[in-house]
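# Descriptive analysis of the structure
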Amino acid sequence: MEKSAVADNAVHVETDVLVIGSGASGMYAALEAARAGASVVLVDRSLIGRGGATVMAQMTVAAALGEQTPDHWQHHLSDTLMAGRGLCDEHLAALLCEDGPRRLREMDDWKVGWAREDGHIKQAQAPGHDRPRCAYVDFLSTGPAVSRTLRSQLNATDDVRRIGEILIVDIALRDGEACGATALHLPTGRAVTLASKAVIIATGGLTGLYRRNSASSNMGGDGYALALRAGAELIDMEFVQFFPIGHLAPRLVGMDPIMWDPFRYKLGGRLLNAEMREFEQDYVTEDSRSDGRYVLTRDLATYAITREVEAGRGSPAGGAYLSFQHVPEAEIRRAFGPVVDRLAANGIDLVSGPVEVAPIAHYHMGGVRADEGLQTCVPGLYACGEAVGGANGANRLSGNAITEAFAFGASAGRNAAQRAVRGSSLWSPEAACSALELLRSAERRDAPNLAAVVVELKALMADRVGPFRNEQKLRSAVQAIERLKKDIGIFPASSAAKFDPVLVDWLDLRNMLLVAQSVTMAALARTESRGAHQREDYPALDDDWLLNQVISLSKGRLHLDRRAPSTRGASG
Amino acid sequence: MRTTLAIQRGTFGEPPRVESFDVDFEQGQSVLDGLRAVRYQTDPSLAFRFSCINANACKECMMLIDGKVDYACTVRLREGVMALAPLPKKALIRDLVTEIAPPDERLRP
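Residues numbered from 1 in each chain as written. Chains lettered and ligands numbered in written order. Predicted model: local features only at pLDDT ≥ 70, side-chain atom pairs only at ≥ 80, totals over all residues.

## A word on the overall build of chain A
- What chain A contains, in helices and strands, is 14 helices and 25 strands.
- Taken over the C-alpha trace, chain A has a radius of gyration of 23 Å; the compact-globule value for 572 residues is 25 Å, and the two agree within 12%.
- The principal-axis extents of the C-alpha atoms in chain A amount to approximately 75 × 50 × 50 Å.
- Residues counted as buried form 61% of the 572 residues belonging to chain A. (Helix = DSSP H or I, 4+ residues; strand = E, 2+ residues; numbered from the N terminus. Rg over C-alpha atoms; globule rule 2.2 N^0.38 Å. Buried ≥ 20, exposed ≤ 12 C-beta atoms within 10 Å, placed from the backbone.)

Following this line, the structure appears as structure tokens:
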């Protein structure tokens, strides 16, 4: 039989452990797998360590270091479980909280540069935490510093081969076990087959499905789709965290859109409606926890701003005002140093006027379902970081995202390496056949404009599957997603041999639409409001819904099941 | 407001050609905003690198803007014609995309 050009050209790579995604979690997994004696290939669809969420994170990292004030990881766990509103996987939450301090100290040894005060690591108070627990790198540099530190550790490790610009098409399976992956090498357009004894999905979350988000462009939930098609399950897909005060106006470039949080926190920025009146107090409910500075947790603040806008009291661009006009200029300068100049370059002067902010998709609590060892129900397939669902339940505490990236990355890397070192390769060329066939079937065609389809999908997710949902909006989203699936067709579209954005959009949409469908399905089924999932038609918390929803894919159809949350038992 | 992006296109080995796209914009929008608009409004095959969109964190969108090396995410759109070209000292892949990955992080067949 005649082989096509794609198969003839396929480049083959072999390793013990394949890590997909080079944010903090993927890099930590790669380092830890190498330390456990495995050979590692770390791939990313972007350049290594540049894409993903980590590099965007300007904020804080929570861990019970006890540097600022005495602390214990069990206190951090209590706060995490409280924020998760009954839905946390307690084993994963405990792993995050218990291993967090070790990882932050390791990062400190690697000279990440945690901010210090009086000779100790400075830990800030953040909403939902019972004490100061959040480390950071000044000024607003936590993510870039974390990324840079892990990259230099990788550079010094011989056993990790890093390959950028590799877009994974599908996980390769043999007899139901993960044995590698099939990919597209973007600069050449060639297919790549990767044989490995274990595969780690570290692709981050799905906030790129939303019009306004704080993610990199490549956070469309592709790891979730890879996991689903490989036979793994997803959990808590309905819980998308919206960050209440994402930057809205004026146009701000060169900065993370969620950068206002530390300003607001350190300087007590005021949220005002169009009447220039503070409104947060109007939305305080019994279960909202105030730490004395913030009035509302993230989900309630999102609710408050959205309601003010709906009531006709929004700012001109459709959000709320954030004002620092009551803060002396010298104090702003002292707190934020060079950032003040970056704001000035954007025409923003906090002394003379407010900015406009609005909720923005920020993090996804749900994700790939994994056990305590970060392995999915598919043997050999692991997940870590934001890609894993369950640890944060219905709402994530601020500061937990990078901690989970470290803790889950390290654990997944170690466990995957153990499997790889004692096991043998299950790879066979047949495992890559269907993905290679898919790439081979790509055809040049002009319609529809797939970049416009991506824009349409993001708009419909924001408008109908956003922070406030109802049955009518969700049902119309289900139909719209079905229609977009038909529009893109079952064969990939392409426009060029090398670095083809049309083929990338098609492969992305194949994943994004499946993931959008999962979120919408779970949101429609959950007839209550809990944490980040708010239903206008079911506004109350319902004890009968103290359940996780689990999604699987079989014969091309998604299935939804309910499970009781995983607990650690009374002795926990 | 409206700008015209005059973009150098083509792959390595082809004679480069310049194609112009008109883009409407609002005060403060970036060149990267303009390039993304060209893709979803007119020509989805236009190739350029970017990852973080806004934050100037990924440093992938570096290109030649009006003859000067700069980031598409931080240079603002302005009225008139803006010339965009790939980085001159890097190997061209296609359109505005050049080989900027560190050599030890590339696929070695």
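## A closer look at the confidence of the model for chain B
- In this model, chain B carries an average pLDDT of 94, and 99% of its residues clear a pLDDT of 70 or more.
- Across the whole predicted complex the pTM is 0.95, and at the interface the ipTM reaches 0.97. (pLDDT = per-residue confidence, 0-100.)

## So, the interface of chain A and chain B
- Across the contact, 38 residues belong to chain A and 31 residues belong to chain B.
- Mapped onto the side of chain A that touches chain B, the elements with two or more residues apiece are strand S8 (160–163), helix H12 (450–464) and helix H14 (501–525) of chain A.
- Top element by residues in the side of chain A that touches chain B is H12 of chain A. It accounts for four residues.
- When grouped by side-chain class, the residues that make up the side of chain A that touches chain B number 21 nonpolar, ten polar and seven charged. (Contact = placed C-beta atoms within 7 Å. Nonpolar A, V, L, I, M, F, W, Y, C, P; charged D, E, K, R; others polar.)

## A few points about the packing of helix H4 (residues 90–109) of chain A against helix H10 (residues 400–422) of chain A
All names here are of chain A.
- Viewed as axis vectors pointing N to C, H4 and H10 meet at an angle of 90°, and their least axial separation amounts to 8 Å. The orientation of H4 relative to H10 falls into the category roughly perpendicular. Touching Leu95, Leu96, Asp99, Gly100 and Arg103 of H4 are Asn400, Thr403, Glu404, Phe406, Ala407, Ala410 and Ser411, all from H10.
- Looking at the contact of H4 with H10, its residues break down into five nonpolar, four polar and three charged. (Axes fitted to C-alpha atoms, helices over the stretch in contact; angles between N-to-C directions. Parallel < 35°, antiparallel > 145°, perpendicular 65-115°, else oblique.)

## Focus on the sheet that holds strand S10 (residues 177–185) of chain A
Residues and elements named next belong to chain A.
- As summarised here, the arrangement of the four strands in space is S1-S11-S10-S9, forming an open sheet in which the pairing is mixed. Only two strands of the sheet have a single partner each, and these edge strands are strand S1 (11–14) and strand S9 (166–174). Between one strand axis and the next, the sheet turns through 25° on average, direction left out of account.
- The sheet contact formed by S1 and strand S11 (residues 190–195) spans four bridges and is parallel. Residue Val11 lies in a different strand from S11, and its bridge partner there is Val192.
- On top of the sheet, helix H6 (residues 222–230) reaches S9 and S10; it is set at about 20° to S9, its chief contact.
- Where helix H11 (residues 433–440) meets the sheet, it contacts S9, S10 and S11, and its direction lies at approximately 145° from that of S9. (Pairing = 2+ DSSP bridges.)

## Description of unusual backbone geometry
- In the segment running from Ala249 of chain A into Pro250 of chain A, the intervening peptide bond is cis, with an omega of -5°.
- On the secondary structure map, Pro250 of chain A appears in the loop between strand S14 (240–249) and helix H7 (260–267).
- Backbone torsion omega between Ala447 of chain A and Pro448 of chain A reads -5°, so that peptide bond is classified as cis.
- Within the secondary structure, Pro448 of chain A sits in the loop between strand S20 (443–444) and H12.
- One non-glycine residue, Phe499 of chain A, lies in positive phi territory at about 45°.
- In this fold, Phe499 of chain A is placed in the loop between strand S22 (493–494) and H14.
- Backbone geometry places Asp66 of chain B, a non-glycine residue, at a positive phi of 50°.
- Take Asp66 of chain B: it is sitting in the loop between strand S3 (62–65) and strand S4 (68–71).
- Owing to 14 C-beta atoms within 10 Å, Asp66 of chain B belongs among the partly exposed residues under this scheme.

## Re helix H5 (residues 142–155) of chain A
- Between its first and last C-alpha atoms H5 of chain A spans 20 Å; for 14 residues at 1.5 Å apiece the expected length is 20 Å, and the two agree.
- Where H5 of chain A is buried, its residues touch helix H2 (24–35), strand S4 (61–62), H4, S8 and H10 of chain A. (Expected span 1.5 Å × (residues − 1).)

## Re H12 of chain A
- For H12 of chain A, with 15 residues, the first-to-last C-alpha span of 21 Å sits near the 21 Å given by 1.5 Å per residue.
- In the core, the buried residues of H12 of chain A are packed alongside helix H13 (471–488), S22 and H14 of chain A together with helix H1 (31–41) of chain B.

## Concerning the domain arrangement of chain A
Residue and element names in this part refer to chain A.
- Domains assigned within chain A are domain 1 (5–239 + 365–434), domain 2 (249–361) and domain 3 (442–547).
- Taken over C-alpha atoms, the centre of domain 1 sits 24 Å from the centre of domain 3.
- With 27 residues of domain 1 at the interface, the matching set in domain 3 holds 27 residues.
- Taken together, the elements giving at least two residues each to the side of domain 1 that touches domain 3 come down to S9 and H6.
- Looking at which element gives the most residues to the side of domain 1 that touches domain 3, the answer is H6, with four residues.
- Classifying every residue of the side of domain 1 that touches domain 3 by side-chain character gives 15 nonpolar, seven polar and five charged. (Domains from an automatic or database assignment.)

## So, the nonpolar core
Residue and element names in this part refer to chain A.
- Ranked by internal contacts, the top residues of the largest apolar core, which has 228 residues, are Val17, Ala30, Val199, Ile200, Tyr382, Ala383 and Cys384.
- Here this core gets 16 residues from one element, more than from any other, and that element is H14.
- In this structure, Val17 is in contact with Ala33, Ala38, Val40, Ser196, Lys197, Ala198, Ile200, Ala416, Ala417 and Ala420, ignoring residues within four places of it in sequence. (Core = buried A, V, L, I, M, F, W, Y, C linked by C-beta atoms within 7 Å.)

## Notes on the environment of Thr376 of chain A
All names here are of chain A.
- By secondary structure assignment, the location of Thr376 is in the loop between strand S18 (367–368) and strand S19 (381–383).
- Residues Thr376 and Leu541 lie 165 residues apart in sequence; the distance between their C-alpha atoms is 30 Å.
- If we skip the residues at most four places from it in the chain, Thr376 touches Ala227, Ala232, Val368, Arg369, Ala370, Leu381, Tyr382 and Ala383.

## Here we look at the environment of Pro70 of chain A
- Positionally, Pro70 of chain A belongs in the loop between S4 and helix H3 (73–83).
- The spacing of Pro70 of chain A and Pro132 of chain A is 62 residues in sequence and 9.4 Å in space, taken between C-alpha atoms.

## Some remarks on the packing of H13 of chain A against H14 of chain A
All names here are of chain A.
- Contact geometry for H13 and H14: axes closest at 10 Å, N-to-C directions at 160°. On the basis of their axis angle, the class for H13 and H14 is roughly antiparallel. Viewed along their axes, H13 and H14 form a crossing whose handedness is left-handed. Where H13 approaches H14, its residues Glu471, Leu474, Arg475, Ala477, Val478, Ile481, Leu484, Lys485 and Ile488 are matched on the opposing element by Trp506, Leu509, Leu513, Ala516, Gln517, Thr520, Ala523 and Leu524.
- For the contact of H13 with H14, the per-class residue count stands at twelve nonpolar, two polar and three charged. (Left-handed = near helix turned anticlockwise from the far one by under 90°.)

## Focus on the pairing of S9 of chain A
- Of all nine residues in S9 of chain A, eight are buried; the element is thus mostly enclosed.
- With antiparallel pairing between neighbouring strands as the criterion, S9 of chain A and S10 of chain A make up a hairpin whose turn holds two residues, including Asp175 of chain A at a positive phi of roughly 50°.

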